[in-house]
Amino acid sequence: MLSRVQELTLIARCIAADSRDAFGQLVYAYADDIRRLLLSLTKGDVALVDDLAQETFLKAYLAIRSFRGAARFRTWLYRIAYNEFQTYMRRNRMEQVSLTDELTDNMSLSEPARPDMEPDVTDKDLNEAIMSLSDSERAVTQLFYFDGFSVARISEITGMPQGTVKSYLHRSRAKLAKLLEKYRY
């Protein structure tokens, strides 16, 4: 991640000299972060991630003169990526596939919890559980836990009120705990 001074210097070069090299450095610095967010939002659709990431950086390049600098460039870029995902979802009216009911139906409620057993949750189990969250829950979970954004920054990125972000975080934690409980056996 670039420092704020490095970001502003590169942005100034982009604006003043239309430096594609400077913008390329910004892309290089944040491409992995943006792709990771989009990968989570698209439930692992790599081809869609490629398209959305490309659109994100293209829009950022075309709109760089409108960057005010009130927030970090990274936050601004995340906002563009999130908006691109939302636009894609509205345009294509993709059906949301929720595994929550299926996983809940498959959980045996008759088996008592065994606190003496250590959880045996793998990365695959965690990923499956995260993918079962709604788009909004998955987005705030990704931004908070994996990308390290505060509730206030997530609110800026998603356009959701801070209380809504907190609600989604609370709800996603509860759902993940319930879904991952089945791996304790």
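That block above? That's the structure.
Let us look at the structure shown here. These numbers were taken from a predicted model, which means no experiment stands behind them.

### Points about helix α9 (residues 162-181)
- Between its first and last C-alpha, α9 extends 28 Å over 20 residues, near the 28 Å set by a 1.5 Å rise per residue.
- Every buried residue of α9 is listed here: Val165, Tyr168, Leu169, Ser172, Leu176, Leu179 and Leu180. Viewed along the axis of α9, the buried residues span an arc of 105°, placing them on a single side of the element.

### Quick look at the packing of helix α2 (residues 20-41) against helix α7 (residues 135-146)
- The N-to-C vectors of α2 and α7 enclose an angle of 150°; their axes lie 9 Å apart at closest approach. The pairing of α2 with α7 is recorded here as roughly antiparallel in orientation. Regarding α2 and α7, the two cross each other, and that crossing is right-handed. In this structure, α2 contributes Arg36, Leu37, Ser40 and Leu41 to the contact, and α7 contributes Asp135, Arg138, Ala139, Gln142 and Leu143.

### A word on the layout of surface pockets
- Here the largest pocket defines a volume of roughly 250 Å³.
- What lines the largest pocket is Arg36, Leu39, Ser40, Lys43, Gly44, Asp123, Leu126, Asn127, Ile130, Met131, Gln142 and Phe146.
- Listed by contribution, the elements that provide at least two residues to the lining of the largest pocket are α2, α6 (123-131) and α7.
- The element best represented in the lining of the largest pocket is α6, accounting for five residues.
- Looking at the lining of the largest pocket residue by residue, the class counts come to five nonpolar, four polar and three charged.
- Approximately 210 Å³ is the volume attributed to the second largest pocket.

### Topic: unusual backbone geometry
- One non-glycine residue, Asp18, adopts positive backbone phi at about 50°.
- Turning to its location among the elements, Asp18 is positioned in the loop between α1 (4-17) and α2.
- In this model, Lys43 sits at a positive phi of 60°, which is unusual for a non-glycine residue.
- As for its position among the elements, Lys43 is in the loop between α2 and α3 (46-63).

### Quick notes on α3
- Under the 1.5 Å per step criterion, the end-to-end length of α3 is 25 Å for 18 residues, consistent within 8% with the ideal 26 Å.
- Taken as a whole, α3 has its buried residues at Leu48, Val49, Leu52, Ala53, Thr56, Phe57 and Ala60. Considered in projection along α3, the buried side chains sweep an arc of 160° and stay on one side of the axis. More than 90 degrees from the buried face of α3, the exposed residues found are Gln54 and Leu62.
- At its buried positions, α3 is contacted by α2 and α4 (73-92).

### Section: the packing of α7 against α9
- Relative orientation of the contacting elements α7 and α9 amounts to 95°, with a least axis distance of 9 Å. With respect to α9, the element α7 is oriented roughly perpendicular. Seen from α7, the contacting residues are Ser136, Glu137, Val140, Thr141, Phe144 and Tyr145; seen from α9, they are Val165, Tyr168, Leu169, Arg171, Ser172, Arg173, Lys175 and Leu176.
- When grouped by side-chain class, the residues that make up the contact of α7 with α9 number seven nonpolar, three polar and four charged.

### Some remarks on the packing of aromatic side chains
- Going through the model one piece at a time under the given rule, you end up with seven aromatic pairs.
- Geometrically, the ring pair formed by Phe23 and Tyr61 is edge-to-face, given 5.1 Å between the ring centres and 70° between the ring planes. With Phe23 in helix α2 and Tyr61 in helix α3, this pair connects stretches of sequence that are 38 residues apart.
- Relative accessible area serves as the criterion here: at 7%, Phe23 is assigned to the buried category.
- Measuring from ring centre to ring centre gives 5.5 Å for Phe73 and Trp76, while their planes differ by 45°; the resulting arrangement is tilted. With Phe73 and Trp76 both in helix α4 and three residues apart, the pair spans about one turn of that helix. Of the two residues, Phe73 and Trp76, both sit in the buried class.
- Here the aromatic residues Tyr30, Phe67, Phe73 and Trp76 are joined through ring pairs into a cluster of three or more.

Cut-off values and rules
- Residues numbered from 1 in each chain as written.
- Predicted model: local features only at pLDDT ≥ 70, side-chain atom pairs only at ≥ 80, totals over all residues.
- Heavy atoms only, no water.
- Helix = DSSP H or I, 4+ residues; strand = E, 2+ residues; numbered from the N terminus.
- Expected span 1.5 Å × (residues − 1).
- Buried < 20%, exposed > 50% of the residue type's maximum accessible area, 1.4 Å probe, protein only.
- Arc of directions from axis to C-beta.
- Axes fitted to C-alpha atoms, helices over the stretch in contact; angles between N-to-C directions.
- Parallel < 35°, antiparallel > 145°, perpendicular 65-115°, else oblique.
- Left-handed = near helix turned anticlockwise from the far one by under 90°.
- Contact = heavy atoms within 4.5 Å.
- 1 Å grid on protein atoms, 1.4 Å probe; cavity = no way out; pocket = protein on both sides within 12 Å on 5 of 7 lines; lining within 4 Å.
- Points joined across faces, edges and corners; volume = space filled by probe spheres on them.
- Nonpolar A, V, L, I, M, F, W, Y, C, P; charged D, E, K, R; others polar.
- Phe/Tyr/Trp six-rings, centres within 6.5 Å; stacked < 30°, edge-to-face > 60°.

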